[in-house]
Amino acid sequence: MASPLEMTEMYDNALLGILQHVGNIQDFLQVYFGFLYRKTDFYRLLSGPNDRMGFLPGVAEKMVLKTFRLFEKLAEHDRERALSEQQKREESMRAPPAAQELEVASEPCQATEEKSSTEPSRMESASSDAGEVSTPAASEDSGRSQAGSSSSGPGTQGGQAVANCTASAEKSQNEFQSNPDSYNGAVRENYSWSQDYTDVEVRVFVPKTVAKGRQVSVSLQSSSLRVSVRDGAEEKTLMEGEFTHKINTEDSLWSLEPGKCVLLSLNKTSEIWWNAVLKGEKEIDINQINRERSMATVDEEEHAVLDRLTFDYHQKQQGKPQSHEMKVHEMLKKGWDAEGSPFKGQEFDPSMFDIPPSAVQF
């Protein structure tokens, strides 16, 4: 089942068209709720036990608030993740890479585990050699061993293992985000992948001996792919399977980086975030990636709409005319001082006109 984000992204073009027509968020919401009022039973209250249309009092309002809270939390999570990534980038410029720190930290842990596992065997050997004679040093070592055993029981070890697994998963996703080849994607056994709002980029790793394009065979279908290489007399399939979402084959292509990888540039047919490249493979959590749409993926028409909406918002905040009003005012000014106009010689007064956004087509 599609996530709430994936469901809404499917209708972006239709909703953007409505927003472009009405010109602002407030009127857009009026159009949306007006539709619910006119065409559905959203505002109808159940009048009796046999009534099958409508809702109980307060239910419709709760539905709206629940949806609002859902996307409010997503926006909050996006802000927190962006801030966290910014802090990590700043820290990485001042400190050694995290992978190096973990390697250094893991060595003492392994040494401690080896030491704790070998200490009981040494103590048993010492006890058998000494017979029943017990020295103060042996008693002290035994006491320390028992104290250590009691403080690290199965429950403690299990809890620590769960915490380590969680931390490892978070670290892996953070590492993916810090690597351009796996940004908003992941690194798998034979390949790495990244994505933005419109495209997916896959790097299929190849042996160093694969240096010519004729050694590579790539089959790109709208719903599947197969990548194989010929190394000597042997042909080996490196990646094969069915896409989680369809691609546009006409705008997708591949190239070879000799001795490194086959680079696949896949164009999405639907502007949604992928959680995996191939079906059946390990999925990423799209809530952990940066889902902000880059302005580079917005076409000129959408870019113009967003610029105009931003401009209108700031104009409205300052009490100044918005773009649709300015366009009409320019046309009115031409006739204001025209011959025979009752306003000729007077200063143009835009407050005389109430111009709805729908009056102008951009």
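We now turn to the structure provided with this report. None of the values given here were measured: they were computed from a predicted structure.

What follows deals with the overall build of the protein. Assigned secondary structure in the protein consists of nine helices and eight strands. Across the 362 residues in the protein, those meeting the buried criterion constitute 26%. Pairs at least 24 apart in sequence give 49% of the contacts found in the protein among residues at least 6 apart.

Moving on, we come to the pairing of strand β2 (residues 191–195). Counting buried residues along β2, five of its five residues qualify, which places the element largely inside the surrounding structure. Residues Y191, W193 and Q195 of β2 are buried on one face, and the alternating residues S192 and S194, pointing to the opposite face, are buried as well. In the sheet, strand β1 (residues 186–187) pairs with β2 via two bridges, with the strands oriented antiparallel. Paired with V187 across the bridge in β2 is S192. Hairpin remark: β1 followed by β2, antiparallel, with three residues in the connecting loop. Where β2 folds back on strand β3 (residues 199–205), the antiparallel hairpin that results is connected by three residues.

Before going further, it helps to examine the side chain of S252. Examined against the element boundaries, S252 turns out to sit in strand β7 (residues 247–257). Since its relative accessible area comes to 11%, S252 is described here as buried. Here the side chain of S252 touches N248 through a polar contact of 2.7 Å, landing on its backbone oxygen. Setting aside chain neighbours within four positions, we find S252 in contact with L220, I247, S265, L266 and N267.

Further remarks concern the sheet that holds strand β6 (residues 234–242). The strand order β4-β5-β6 describes an open sheet built from three strands, whose pairing is antiparallel. Sheet topology places β4 (216–220) and β6 at the edges, where each strand pairs with a single neighbour. Between one strand and the next, the sheet's axes are offset by a mean angle of 10°, whatever the strand orientation. Here five bridges tie β4 to strand β5 (residues 224–231), and the two strands are oriented antiparallel to one another. Directly across from S217, in β5, lies its bridge partner S228.

A positive phi angle, close to 65°, is found at N184, a residue other than glycine. Mapped onto the secondary structure, N184 falls in the loop between α7 (154–178) and β1.

Turning to the sheet that holds β2, a few remarks are in order. On the basis of which strands lie adjacent, the open sheet formed by five strands has the order β1-β2-β3-β8-β7 and antiparallel pairing. The two strands at the open ends of the sheet, each matched to only one other strand, are β1 and β7.

Turning next to helix α4 (residues 59–94). The terminal C-alpha atoms of α4, which comprises 36 residues, lie 53 Å apart, in line with the 52 Å expected from a rise of 1.5 Å per residue. Among all positions of α4, only A60, L74, D78, R81 and E85 are buried.

One way to put it is that helix α2 (residues 12–22) packs onto helix α3 (residues 25–39) with a least axis distance of 8 Å and a crossing angle of 120°. By the criterion of interaxial angle, the relationship of α2 to α3 is oblique. Where α2 crosses over α3, the handedness of that crossing is right-handed. Along the contact surface, α2 presents L15, I18, L19 and V22, while α3 presents I25, D27, F28 and V31. When grouped by side-chain class, the residues that make up the contact of α2 with α3 number seven nonpolar, no polar and one charged.

Another point: the side chain of R188. In this structure, R188 sits in the loop between β1 and β2. For R188, which is buried and forms no salt bridge, the nearest opposite charge comes from E281, at a distance of 5.2 Å. Only 3.1 Å separates the side chain of R188 from the backbone oxygen of K282, close enough to count as a polar contact.

Taken as a whole and assessed by the stated rule, the structure comprises five aromatic pairs. The interplanar angle of 50° and the centroid separation of 6.1 Å between the aromatic rings of F243 and W274 together place this pair among those described as tilted. A residue pair is termed long-range when its members are at least 10 positions apart, and F243 in the loop between β6 and β7 and W274 in the loop between β8 (261–268) and α8 (300–317) qualify at 31 residues.

Core analysis: the largest hydrophobic core is formed by 32 residues, its most contacted members being W193, V202, V204, M239, F243, V262 and L264. Secondary structure elements with two or more residues in this core: β2, β3, β4, β5, β6, β7 and β8. Formed by six residues, the second largest nonpolar core is a distinct cluster that contains L16, F28, V305 and L309.

Now for a nonpolar patch on the surface. A contiguous nonpolar patch, built from M10, Y11, L15, I18 and V31 and spanning about 450 Å² of accessible area, is present on the exposed surface. Relative to the assigned elements, L15 resides in helix α2. Classification of L15 as partly exposed rests on a relative accessible area of 37%.

Rules of the game
Residues numbered from 1 in each chain as written. Predicted model: local features only at pLDDT ≥ 70, side-chain atom pairs only at ≥ 80, totals over all residues. Heavy atoms only, no water. Helix = DSSP H or I, 4+ residues; strand = E, 2+ residues; numbered from the N terminus. Buried < 20%, exposed > 50% of the residue type's maximum accessible area, 1.4 Å probe, protein only. Contact = heavy atoms within 4.5 Å. Pairing = 2+ DSSP bridges. Polar contact = N/O pair within 3.5 Å; in protein donor to acceptor, adjacent residues only side chain to side chain. Axes fitted to C-alpha atoms, helices over the stretch in contact; angles between N-to-C directions. Expected span 1.5 Å × (residues − 1). Parallel < 35°, antiparallel > 145°, perpendicular 65-115°, else oblique. Left-handed = near helix turned anticlockwise from the far one by under 90°. Nonpolar A, V, L, I, M, F, W, Y, C, P; charged D, E, K, R; others polar. Lys, Arg positive; Asp, Glu negative; His and termini not counted. Salt bridge = Lys/Arg side-chain N within 4 Å of Asp/Glu carboxyl O. Phe/Tyr/Trp six-rings, centres within 6.5 Å; stacked < 30°, edge-to-face > 60°. Core = buried A, V, L, I, M, F, W, Y, C linked by side-chain atoms within 4.5 Å. Patch = residues over 30% accessible without salt bridge, like charges linked within 9 Å, V, L, I, M, F, W, Y side chains within 5 Å. Areas by Shrake-Rupley, 256 points an atom, 1.4 Å probe, with all protein chains shown as cover.

Any functional reading would require information that these geometric values do not contain.
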